[in-house]
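Close look at the chain arrangement
Each chain, written out:
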Amino acid sequence: MTEKENQWMQIGARLSNCRQNKNMTQEELARRLGITPQAVSKWERGQSFPDISMLADMAQLLEVSTDWLLGVGAPKEMQAGMGEVPEMQADLGKNLRMALEPLEMCFGQEIVAAFMKDQSYAKRTRELRENLALDGMWLPVVRFRDDITLDGKEFMILAWQNVIYDEKLESVDGDTMGHMFQMLEKVIREKYREILCPDITKVLVDHLRIKYPALIEGVVPERIPYSLLTQVTKNVLDKGGSMRYLPMIIEAVDLGLGRTPDTGAEELARQALEIILREDNFQTVMQKRK
């Protein structure tokens, strides 16, 4: 193996370790960098080297320095122990991200037993994420924790530390967790605007970019900032719209800004709803039947 190939192998190993420490798939890293998963795979196997222009973004995503990623910037006697640095950074970063996640379910001490007996919350969360995705909603990490300040049989659902649901159970039994997850899904569907933020909007747009590139490329965020799109979408949700309409919202906002660049979020939402909620729209038709 040549010295160059050996360097590529070392960088690939560092890249792979950092990515896995962040619980990030090759597909996710590739999507965030705007490249193919195959390119990431080749880097990690030492078969090719990342473009120098990508190193800064890659290091930022992986929460390490570019020097560490390249194996430079520290004396040789220190480099043997440098493997601990990204792991430590990853652990600290993971704790920080958990603390800053928007969605949280906290519960009293008597409910803790239900979670200890029923270990299916990870499976239930995955199923919840899949169900919501069918309606155009991306579910961020849900943080579950007990809280001694709550009533023993009480649970709350929080969005950005705001209480969006609060219930005191009459009893705690084998159906408790199932009921809590049912309420979690119901509340998320009804109050998704409370969870939505520019970063969640970006995730949704990135997925749309894969399926509808002509709708997104050069439009979001180039002409429509994520913050503006988030506010318009929240307004649409307030007025009875659905996250399924996000592609139409983007198209309507682009048209609206094309006519009047300084149009506000509320007016853009109104224009979007005029396009979306036509007389033959399914939601409109079913609403009239009630």
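This report concerns the structure included in the present document. Since the model is a prediction, treat every value here as computed from it, not as a measurement.

1. Some remarks on the packing of helix 8 (residues 109-117) against helix 10 (residues 176-190)
Interaxial distance between helix 8 and helix 10 falls to 9 Å at its minimum, and their mutual angle equals 100 degrees. Here helix 8 lies roughly perpendicular to helix 10, going by the angle between them. On helix 10, the residues touching Ile-111, Ala-114 and Phe-115 of helix 8 are Thr-176, Met-177 and Met-180. Per-class residue counts for the contact of helix 8 with helix 10 are 5 nonpolar, 1 polar and no charged.

2. As for unusual backbone geometry
Each neighbour pair has its own omega, and for Val-220 with Pro-221 the value is 5 degrees, a cis peptide bond. Following the sequence through the fold, Pro-221 ends up in the loop between helix 13 (213-216) and helix 14 (226-238). Its identity as a non-glycine residue notwithstanding, Gln-161 has a phi of 70 degrees, on the positive side. Along the polypeptide, Gln-161 turns up in the loop between strand 3 (154-159) and strand 4 (162-168).

3. Some remarks on the environment of Phe-155
Topologically, Phe-155 is positioned in strand 3. A residue is classified by how much of its surface remains accessible, and Phe-155, at 0% relative accessible area, is buried. Spatially, the C-alpha atom of Phe-155 lies 7.1 Å from that of Met-105, the residues being 50 residues apart in sequence. Excluding its chain neighbours within four sequence positions, the residues that come into contact with Phe-155 are Cys-106, Phe-107, Ile-111, Tyr-165, Asp-166, Glu-167, Leu-169, His-179, Met-180 and Met-183.

4. With respect to the packing of helix 2 (residues 26-33) against helix 4 (residues 55-62)
The relative placement of two packed helices comes down to the angle between their axes together with the axis-to-axis distance. Between helix 2 and helix 4, the least distance of the axes is 10 Å, while the angle of their chain directions is 130 degrees. Viewed along their axes, helix 2 and helix 4 adopt a mutual orientation that is oblique. For helix 2 against helix 4, the interelement crossing comes out right-handed. Contacts between helix 2 and helix 4 involve Leu-29, Arg-32 and Leu-33 from the first element and Asp-57, Met-58 and Leu-61 from the second. Per-class residue counts for the contact of helix 2 with helix 4 are 4 nonpolar, no polar and 2 charged.

5. Description of a nonpolar patch on the surface
Residues Met-248, Leu-255 and Ile-275 make up a contiguous nonpolar surface patch of about 240 Å² in total accessible area. For Ile-275, the position within the fold is in helix 16 (residues 265-276).

6. Thoughts on helix 16
Because each turn of an α-helix spans 3.6 residues, side chains separated by three or four positions end up pointing in the same direction. Across its 12 residues, helix 16 extends 16 Å between first and last C-alpha, which sits within 8% of the 16 Å expected from 1.5 Å per residue. Within helix 16, the full set of buried residues consists of Ala-265, Leu-268, Ala-269, Gln-271, Ala-272, Leu-273 and Ile-276.

7. Some words on the sheet that holds strand 2 (residues 142-146)
Reading across from one edge, 2-1-3-4 is the order of the 4 strands in this open sheet, with mixed pairing throughout. Bordering the open sheet on either side are strand 2 and strand 4, each of which pairs with just one other strand. Neighbour-to-neighbour, the strand axes of this sheet turn through a mean angle of 15 degrees, independent of strand direction.

8. Quick notes on the environment of Leu-61
For Leu-61, the location among the structural elements is in helix 4. Separated by 42 residues in the primary sequence, Leu-61 and Arg-19 have C-alpha atoms spaced 8.8 Å apart. The contacts of Leu-61, once residues within four sequence positions are left out, are Lys-22, Met-24, Leu-29, Arg-32 and Leu-33.

9. A short note on the packing of aromatic side chains
All told, the structure shown has 2 aromatic pairs when counted by the stated rule. Both rings, one in Phe-144 and one in Phe-181, keep their centres 5.6 Å apart while their planes meet at 35 degrees; by these two values the pair is tilted. Taken together, the residues Phe-144 in strand 2 and Phe-181 in helix 10 connect sequence positions 37 residues apart. What makes Phe-144 partly exposed here is its relative accessible area of 22%. Aromatic side chains Phe-155 and Tyr-165 sit 5.8 Å apart centroid to centroid with 45 degrees between the ring planes, which places their arrangement in the tilted category. Note that Phe-155 is positioned in strand 3 and Tyr-165 in strand 4, a separation of 10 residues in sequence.

Calculation notes
- Residues numbered from 1 in each chain as written.
- Predicted model: local features only at pLDDT ≥ 70, side-chain atom pairs only at ≥ 80, totals over all residues.
- Heavy atoms only, no water.
- Axes fitted to C-alpha atoms, helices over the stretch in contact; angles between N-to-C directions.
- Helix = DSSP H or I, 4+ residues; strand = E, 2+ residues; numbered from the N terminus.
- Parallel < 35°, antiparallel > 145°, perpendicular 65-115°, else oblique.
- Contact = heavy atoms within 4.5 Å.
- Nonpolar A, V, L, I, M, F, W, Y, C, P; charged D, E, K, R; others polar.
- Buried < 20%, exposed > 50% of the residue type's maximum accessible area, 1.4 Å probe, protein only.
- Left-handed = near helix turned anticlockwise from the far one by under 90°.
- Patch = residues over 30% accessible without salt bridge, like charges linked within 9 Å, V, L, I, M, F, W, Y side chains within 5 Å.
- Areas by Shrake-Rupley, 256 points an atom, 1.4 Å probe, with all protein chains shown as cover.
- Salt bridge = Lys/Arg side-chain N within 4 Å of Asp/Glu carboxyl O.
- Expected span 1.5 Å × (residues − 1).
- Pairing = 2+ DSSP bridges.
- Phe/Tyr/Trp six-rings, centres within 6.5 Å; stacked < 30°, edge-to-face > 60°.

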